[in-house]
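# Results of the structural survey
Take a look at the letters that make up each chain.
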Amino acid sequence: MAGQERRPGRGARRAGARATRRLRRRRRVAGGRRPRRGGAAGPHPRWSGLRAAWVRPALVVGCGIAIFTQLSGIEMIVYYSPTILTDNGFDDSAALLVSVALGVSYLVAQLVGLAIIDRVGRRRLTLIMIPGAAAALAALGALFVAGVGGGQGAPWIIACLVVFMLFNAGGLQLMGWLTGSEIYPLAVRPAATAAQSATLWATNLLITLTLLSLIQAIGVGPSMWLYAGFNVAAWIFVWLRMPDLTGRSLEQIEGKLADGKFRPADFARG
């Protein structure tokens, strides 16, 4: 009759039910149920969910970024710059002042990066900043290989250290903190962020245990070049694997993962 709604047929109801089941499967993680609306994923991290094939691309990006935040040279500079400087002609007070300047540079770069990252874009900002850090380490290595130490070479060494800190902290380090809160599906986010954090600190420990031995084996300058090479590898990784999540909701990011579309090209805006 006119003015009455037509009830959907049996075929339409079946199609709707199938669509609902597909949506639920998309939100379901292997080994766990869909989390309650507005609630946490559960009392314990769903470790089994990390084995799901559709979660793996996010885990590769997150853990890869975590590894490169450490291999980029930040811990070498933060932990050992006083030792490196005093071994190359700087007195203790000068080395301490340089360490303070590096800490201030790190803070400033992080604040500026946070202020501009949504306008510039996460992927774009990271790709812009990594080459600056790599170039600073390469120049620093050249200065040490050339035997330039404290004295006349001090301003150049300090400038390279500060430039490295600005480019590294404002780009790759910033993304290291942001990815864990954005990239993982809700149901596995506790476990995935724990895995990312463990990856970061394991890499940190490896660097801490090996850096001084590396410097003794090949010298300060070649060590700087090695870490500059790690920055080049980080740039390639970001270019190939890290999508730009700027302006994307958590639901959109999870939907892309579920659809198997998590390459940078899949997030390109038309």
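My aim in this report is to walk through the structure given alongside it, one point at a time. The structure displayed is predicted, hence computed values, not measured ones.

### Some points on the packing of aromatic side chains
- With the rule as written, the count across this model stands at five aromatic pairs.
- Seen in terms of ring centroids, Phe68 and Phe237 are 5.6 Å apart; in terms of plane orientation they differ by 45°. Their pairing is tilted. With a gap of 169 residues between them, Phe68 in helix α2 (residues 56–86) and Phe237 in helix α8 (residues 220–241) connect regions that are remote in the sequence.
- For Phe68, a relative accessible area of 14% puts it in the buried group.
- Owing to a relative accessible area of 16%, Phe237 belongs among the buried residues under this scheme.
- A cation sits over an aromatic face here: Arg123 above Trp239, 5.0 Å from the ring centre.
- When the ring centre of Phe267 is taken as origin, the NZ or CZ atom of Lys256, which lies over that ring, is 5.6 Å away.

### Some points on the packing of α2 against α8
- Where α2 meets α8, the axes come as close as 10 Å, and the angle between the chain directions of the two elements is 160°. Taken together, the axis directions place α2 and α8 in an arrangement best described as roughly antiparallel. In the crossing of α2 with α8, the sense of the turn from one axis to the other is left-handed.
- Here the residues of the contact of α2 with α8 are counted per class, giving 17 nonpolar, five polar and one charged.

### Details of the side chain of Gln173
- Relative to the helices and strands, Gln173 resides in helix α6 (residues 172–182).
- Here Gln173 falls in the buried class, since its relative accessible area comes to 6%.
- Among the polar contacts listed, one links the side chain of Gln173 to the side chain of Ser72, at a separation of 3.3 Å.
- Not counting the four nearest positions on each side in its chain, Gln173 is found in contact with Thr69, Ser72, Ile74, Tyr106, Gln110 and Asn168.

### With respect to the pattern of salt bridges
- One pass over the full model with this rule turns up two salt bridges.
- Note that Arg122 and Glu182 form a salt bridge whose closest N and O atoms lie 2.7 Å from each other. Note that Arg122 is positioned in helix α4 (residues 122–145) and Glu182 in helix α6, a separation of 60 residues in sequence.
- One network of salt bridges, in which partners are shared, links Asp118, Arg122 and Glu182.

### Some points on the packing of α4 against α8
- Between α4 and α8, whose axes approach to 8 Å, the crossing angle comes to 165°. Looking at the two axes, α4 sits roughly antiparallel to α8. As for the relative orientation of α4 and α8, their crossing is left-handed in sense.
- Tallied by class, residues from the contact of α4 with α8 come to 21 nonpolar, four polar and one charged.

### Let's talk about a nonpolar patch on the surface
- Together, Leu96, Val100, Val104, Val108, Val112 and Leu166 make up an exposed nonpolar region whose accessible area comes to about 500 Å².
- The element that contributes the greatest number of residues to the nonpolar patch is helix α3 (residues 92–120), accounting for five residues.
- Assessed through its relative accessible area of 49%, Val100 is described here as partly exposed.

Definitions and cut-offs
- Residues numbered from 1 in each chain as written.
- Predicted model: local features only at pLDDT ≥ 70, side-chain atom pairs only at ≥ 80, totals over all residues.
- Heavy atoms only, no water.
- Phe/Tyr/Trp six-rings, centres within 6.5 Å; stacked < 30°, edge-to-face > 60°.
- Helix = DSSP H or I, 4+ residues; strand = E, 2+ residues; numbered from the N terminus.
- Buried < 20%, exposed > 50% of the residue type's maximum accessible area, 1.4 Å probe, protein only.
- Lys NZ or Arg CZ within 6 Å of the ring centre and 35° of its normal.
- Axes fitted to C-alpha atoms, helices over the stretch in contact; angles between N-to-C directions.
- Parallel < 35°, antiparallel > 145°, perpendicular 65-115°, else oblique.
- Left-handed = near helix turned anticlockwise from the far one by under 90°.
- Nonpolar A, V, L, I, M, F, W, Y, C, P; charged D, E, K, R; others polar.
- Polar contact = N/O pair within 3.5 Å; in protein donor to acceptor, adjacent residues only side chain to side chain.
- Contact = heavy atoms within 4.5 Å.
- Salt bridge = Lys/Arg side-chain N within 4 Å of Asp/Glu carboxyl O.
- Patch = residues over 30% accessible without salt bridge, like charges linked within 9 Å, V, L, I, M, F, W, Y side chains within 5 Å.
- Areas by Shrake-Rupley, 256 points an atom, 1.4 Å probe, with all protein chains shown as cover.

Everything listed is a geometric property; what it means functionally is a separate question.
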